[in-house]
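# Inside the fold
Letter by letter, the chains look like this.
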Protein chains: 2
Amino acid sequence: MGLQLTRGAEYAVRAMSYLARYPEGHVSSLHEIGEAQDIPESFLAKILQSLVRAGLTVSQRGAHGGFALARPAAEITMQQVIEAVDGPISVNQCVLSPEDCARSASCSVHEAWLRAQSQLMDVLGSITLESLAPEPAAVG
Amino acid sequence: MGLQLTRGAEYAVRAMSYLARYPEGHVSSLHEIGEAQDIPESFLAKILQSLVRAGLTVSQRGAHGGFALARPAAEITMQQVIEAVDGPISVNQCVLSPEDCARSASCSVHEAWLRAQSQLMDVLGSITLESLAPEPAAVG
DNA sequence: GGAGACCGGACAGAAAGGGTCTGGTTGGGA
DNA sequence: TCCCAACCAGACCCTTTCTGTCCGGTCTCC
Ligand code: SF4
Ligand code: SF4
């Protein structure tokens with residue numbers, strides 16, 4: 001192992017891709033999402049909270065409550081979803097906070113990590129929930 | 001956090017970049033590397049073992065022993081170093097072994113991870129130890 | 001035949017991951 | 001009105017992984 005995202009982020013992306021397949025504003029309950037996507041419900045609850053706090057989803061309480069995307073699916077990227085749950089992506093500690101490593105100024109490796117990080121961000125930042133929609137229909 | 005390499009891999013890359021700055025075949029002791037690169041020696045010992053087993057370095061026992069690159073620096077990539085220590089890189093579990101996830105066949109997200117993984121491998125696989133050499137000299 | 005170095009693996013404390021549970025709050029509907 | 005369905009917030013727990021340390025063994029140069 002080593003460089004791998006958490007289960008929480010995996011679940012988050014799947015949950016979001018589920019919400020994305022409905023018309024904007026459609027509300028799905030925690031239970032519904034968990035069942036459809038095979039995610040432990042009590043864990044999913046926590047994940048969805050993070051997404052709400054991050055402003056990626058909105059929630060509706062009370063009867064017939066649930067969750068919906070806060071924005072059109074085309075305006076939410078995988079990067080945003082992952083970072084909402086796992087915290088900022090940083091392939092190595094010096095990427096996000098160079099001041100944490102005394103060597104960063106003179107380190108010949110530092111720049112290599114920056115490049116890797118940048119590539120990863122590019123691809124994750126360019127994949128939107130829309131492009132993850134399972135049904136290729138609904139383009140009309 | 002979440003998506004981040006281990007300290008072990010960080011140390012490994014730094015140690016290798018240290019070895020790479022010497023002419024081919026030059027032997028450096030564990031102690032020397034640890035001191036120069038600020039890596040706990042007993043931990044570094046374990047890391048170097050992994051690198052030897054992976055065939056990236058060779059070791060010399062007895063007095064005046066130590067470690068050296070097994071190949072020219074230009075033929076060792078960051079990807080190889082990282083995987084020797086952390087195990088195979090896999091941004092998500094389904095990337096390496098799709099059979100572990102029952103959903104992988106019909107999963108609309110699966111392909112996105114494959115793309116991210118591929119990008120990451122491209123950049124890590126294209127950075128060689130030679131390009132990490134700290135001294136820009138020694139070009140002849 | 002030392003002394004200096006690597007080898008191999010057991011061990012351990014700390015941190016993170018992965019998930020559960022409980023009590024509280026909100027709001028819709030009978 | 002009042003109850004129930006749902007989300008909200010956080011404490012809690014178990015397991016695994018990370019990040020090392022330590023020690024006895026082996027090899028090899030001098
Ligand atoms: S790569 Fe260099 S700068 Fe980054 S953490 Fe390692 S030593 Fe520090
Ligand atoms: S992305 Fe899809 S295939 Fe990959 S692990 Fe998640 S559910 Fe399985």
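The structure this text deals with has already been given above.
Everything quoted here is computed from the prediction, not taken from an experiment. Every chain is numbered independently, its residues counted from 1 as its sequence is written. Here every chain gets a letter starting at A, and every ligand a number starting at 1, in the order they are written. Only residues with pLDDT of at least 70 get local features here, since the model is predicted, and only at 80 or more are side-chain atom pairs given and counted; chain-wide, interface and lining totals rely on the full set of residues. Only hydrogens and water are set aside when side-chain values are computed; all heavy atoms of the structure are taken into account.

What follows covers the environment of A:E99. Residue and element names in this part refer to chain A. A helix here means a DSSP run of H or I that spans at least four residues, while a strand means a run of E at least two residues long, and both kinds are numbered starting from the N terminus. Residue position: E99 is located in the loop between helix 5 (93–96) and helix 6 (110–126). Taking the relative accessible area as the measure of exposure, E99 reaches 63% and is therefore exposed. Separated by 25 residues in sequence, E99 and A74 place their C-alpha atoms 35 Å apart. Relative accessibility under 20% of the residue-type maximum defines a buried residue, over 50% an exposed one, and the middle range a partly exposed one, all with a 1.4 Å probe and only protein chains included.

Turning next to the protein's contact with DNA strand C. We call a residue near a molecule or strand whenever a single non-hydrogen atom of that residue lies within 4 Å of it. Around DNA strand C sit 24 residues, and of these A:R7, A:R61, B:L30, B:Q49 and B:S59 come closest. We define a polar contact as two N or O atoms separated by no more than 3.5 Å, with the added condition that, inside protein, one atom must be a possible hydrogen donor and the other a possible acceptor, whereas residues neighbouring each other in sequence contribute only through side-chain atom pairs. A distance of 2.7 Å separates a phosphate oxygen of DNA strand C from a polar backbone atom of B:L30. At 2.4 Å from a phosphate oxygen of DNA strand C is found a side-chain nitrogen or oxygen belonging to B:Q49. When contributions to the surface near DNA strand C are tallied by element, the ones reaching two or more residues are helix 1 (7–19) and helix 3 (41–53) of chain A together with strand 1 (57–60) and strand 2 (66–69) of chain B. Considering every element that reaches the surface near DNA strand C, the biggest residue donor is helix 3 of chain A, with 3 residues. Residue composition of the surface near DNA strand C, grouped by class: 7 nonpolar, 13 polar and 4 charged. Under the convention adopted here, Pro, Cys and the residues Ala, Val, Leu, Ile, Met, Phe, Trp and Tyr are nonpolar, Asp, Glu, Lys and Arg are charged, and Gly plus all remaining residues are polar.

Moving on, we come to the site of ligand 1. Taken together, A:C94, A:C101, A:R103, A:S104, A:C107, A:V109, A:H110, A:W113, B:E10 and B:R14 make up all the residues around ligand 1. The set of elements that each furnish at least two residues to the shell around ligand 1 consists of helix 6 of chain A together with helix 1 (7–20) of chain B. Looking at the shell around ligand 1 residue by residue, the classes come out as 5 nonpolar, 2 polar and 3 charged.

Rotating chain A by 180° about the axis while translating it 0.0 Å along that axis superimposes it on chain B, leaving an RMSD of 0.0 Å. What we have between these two chains is a two-fold relation. In this assembly the copies share their binding face: 100% of the residues contributing to the interface of chain A also contribute to that of chain B. We place the copies in one frame by least squares, fitting the C-alpha atoms of every residue whose pLDDT is at least 70 in both. Any two residues whose heavy atoms approach within 4.5 Å at even a single point are treated as in contact.

Next up on the list: the pattern of salt bridges. When a carboxyl oxygen of Asp or Glu lies within 4 Å of a side-chain nitrogen of Lys or Arg, that pair is called a salt bridge. On inspection of all chains with the given rule, the structure shows 3 salt bridges over all chains. As a salt-bridge pair, A:R7 and A:E10 come within 4.0 Å of each other at their nearest N and O atoms. Taken as a pair, A:R7 and A:E10 lie in helix 1 at a separation of 3 residues, close to a single helical turn. Take A:R7: its relative accessible area is 27%, and that puts it in the partly exposed class. Taking the relative accessible area as the measure of exposure, A:E10 reaches 7% and is therefore buried. Here B:R14 makes a salt bridge to B:E10, at a shortest N to O gap of 2.7 Å. Of this pair, B:R14 and B:E10 both sit in helix 1, 4 residues apart, which is roughly one turn of the helix. Both residues of the pair, B:R14 and B:E10, count as buried.

This paragraph deals with the pairing of strand 1 of chain B. All names here are of chain B. With 4 bridges joining them, strand 1 and strand 2 adopt antiparallel strand pairing. In the strand pairing of strand 2, Q60 is matched with G66. By the convention used here, strands pair only if DSSP detects at least 2 bridges between them. Between strand 1 and strand 2, which pair antiparallel one after the other, the connecting turn spans 5 residues, and G62 there sits at a positive phi close to 75°.

Below, the discussion takes up the site of ligand 2. What surrounds ligand 2 is the set A:E10, A:R14, B:C94, B:C101, B:R103, B:S104, B:C107, B:V109, B:H110 and B:W113. Of the chains in the model, those with residues near ligand 2 are chains A and B. When contributions to the shell around ligand 2 are tallied by element, the ones reaching two or more residues are helix 1 of chain A together with helix 6 (110–126) of chain B.

For the rest of this paragraph, the subject is the environment of A:S118. Examined against the element boundaries, A:S118 turns out to sit in helix 6. Here the alpha-carbon distance between A:S118 and A:Q4, two residues 114 residues apart in the chain, equals 17 Å.

This brings us to the interface of chain A and chain B. Opposite the 37 residues of chain A that make contact, chain B presents 38 residues. Interface of chain A and chain B: buried area, both sides summed, is about 3,500 Å²; carbon and sulfur atoms make up 60% of it. Throughout, the accessible surface (probe 1.4 Å) given up by two parts as they are put together, summed over both, is called the buried area. Among the residues chain A hides against chain B, the three largest losses belong to A:L3, A:R103 and A:W113. Together they make up 19% of the total. Run the count over chain A and chain B and you get 0 salt bridges. Viewed at the interface, chain B and chain A are joined by 14 residue pairs in polar contact (both at pLDDT 80 or more). Counting residues per element, the ones that place at least two in the side of chain A that touches chain B are helix 1, helix 2 (30–37), helix 4 (78–86) and helix 6 of chain A. Of the residues that constitute the side of chain A that touches chain B, the class distribution is 19 nonpolar, 11 polar and 7 charged.

Residues and elements named next belong to chain B. The axes used here are C-alpha line fits, helices contributing only the stretch in contact, and every angle between their N-to-C directions lies in the interval 0 to 180 degrees. In contact at an axis separation of 6 Å, helix 4 (residues 78–86) and helix 6 are set at 105° when each is read in the N-to-C sense. Considering the angle they form, helix 4 stands roughly perpendicular to helix 6. Every residue of helix 6 that contacts helix 4 at M78, Q79, I82 and E83 is listed here: M121, L124 and G125. An angle below 35 degrees is read as roughly parallel, one above 145 as roughly antiparallel, one from 65 to 115 as roughly perpendicular, and any other as oblique.

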